[in-house]
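Spelled out, the chains give:
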Amino acid sequence: MLGEVLREARNAAGMTQEELAYAAQVDRTYISQIENDKKSPTVDMLFRLCEAMNASPAKLIAKVEKRR
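Since the model is a prediction, treat every value here as computed from it, not as a measurement.

Observations regarding the pattern of salt bridges
Item 1. Per the counting criterion, the structure on display carries 4 salt bridges.
Item 2. Between Glu4 and Arg67 there is a salt bridge, with the nearest N and O atoms lying 3.0 Å from each other. Linking Glu4 in helix α1 (residues 2-12) with Arg67 in helix α5 (residues 57-67), this pair joins segments that are 63 residues apart in sequence.
Item 3. You can call Arg67 partly exposed: its relative accessible area is 36%.
Item 4. The salt bridge partner of Glu8 is Arg67, with a shortest N-O separation of 2.6 Å. With Glu8 in helix α1 and Arg67 in helix α5, this residue pair connects regions lying 59 residues apart in the sequence.
Item 5. The network of salt bridges with shared partners includes Glu4, Glu8 and Arg67.

As structure tokens, then:
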């Protein structure tokens, strides 16, 4: 569920997985694993990803909560 919301936020930011990975200083495969719900990011990593996308972590989590 978080992966789907993260993918939507990344697409809304007009970023590829590669661009997000570079901006957040992680490997692109890690972004893919999160988006496919294979891995869960730590809170710190979630903040880094949101910062790289210029997105609100609170709004992202609220979307996840709403979909549950």
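Topic: the environment of Leu2
Item 1. For Leu2, the location among the structural elements is in helix α1.
Item 2. When the C-alpha atoms of Leu2 and Arg28 are compared, they prove to be 17 Å apart, with 26 residues separating the residues in sequence.
Item 3. In this structure, Leu2 is in contact with Asp37, Pro41, Leu60 and Val64, ignoring residues within four places of it in sequence.

Focus: the packing of helix α4 (residues 43-53) against α5
Item 1. For the pair α4 and α5, the least separation of the axes is 9 Å and the interaxial angle reads 110°. It follows from the interaxial angle that α4 and α5 lie roughly perpendicular. Counting all contacts with α4, which are made through Leu46, Phe47 and Cys50, the residues of α5 involved are Pro57, Leu60 and Ile61.
Item 2. In terms of residue class, the contact of α4 with α5 is built from 6 nonpolar, no polar and no charged.

Some words on α1
Item 1. Along α1, the residues that are buried comprise Gly3, Val5, Leu6, Ala9 and Arg10. Taken around the axis of α1, the buried residues stretch over an arc of 160°, which confines them to a single face.
Item 2. Those residues of α1 hidden inside the fold are in contact with α2 (17-24), α3 (28-35), α4 and α5.
Item 3. Gly14 sits one or two residues past α1 and shows a positive phi near 70°.

What counts and what doesn't
- Residues numbered from 1 in each chain as written.
- Predicted model: local features only at pLDDT ≥ 70, side-chain atom pairs only at ≥ 80, totals over all residues.
- Heavy atoms only, no water.
- Salt bridge = Lys/Arg side-chain N within 4 Å of Asp/Glu carboxyl O.
- Helix = DSSP H or I, 4+ residues; strand = E, 2+ residues; numbered from the N terminus.
- Buried < 20%, exposed > 50% of the residue type's maximum accessible area, 1.4 Å probe, protein only.
- Contact = heavy atoms within 4.5 Å.
- Axes fitted to C-alpha atoms, helices over the stretch in contact; angles between N-to-C directions.
- Parallel < 35°, antiparallel > 145°, perpendicular 65-115°, else oblique.
- Nonpolar A, V, L, I, M, F, W, Y, C, P; charged D, E, K, R; others polar.
- Arc of directions from axis to C-beta.

By themselves, these are just geometric observations and shouldn't be taken as functional.
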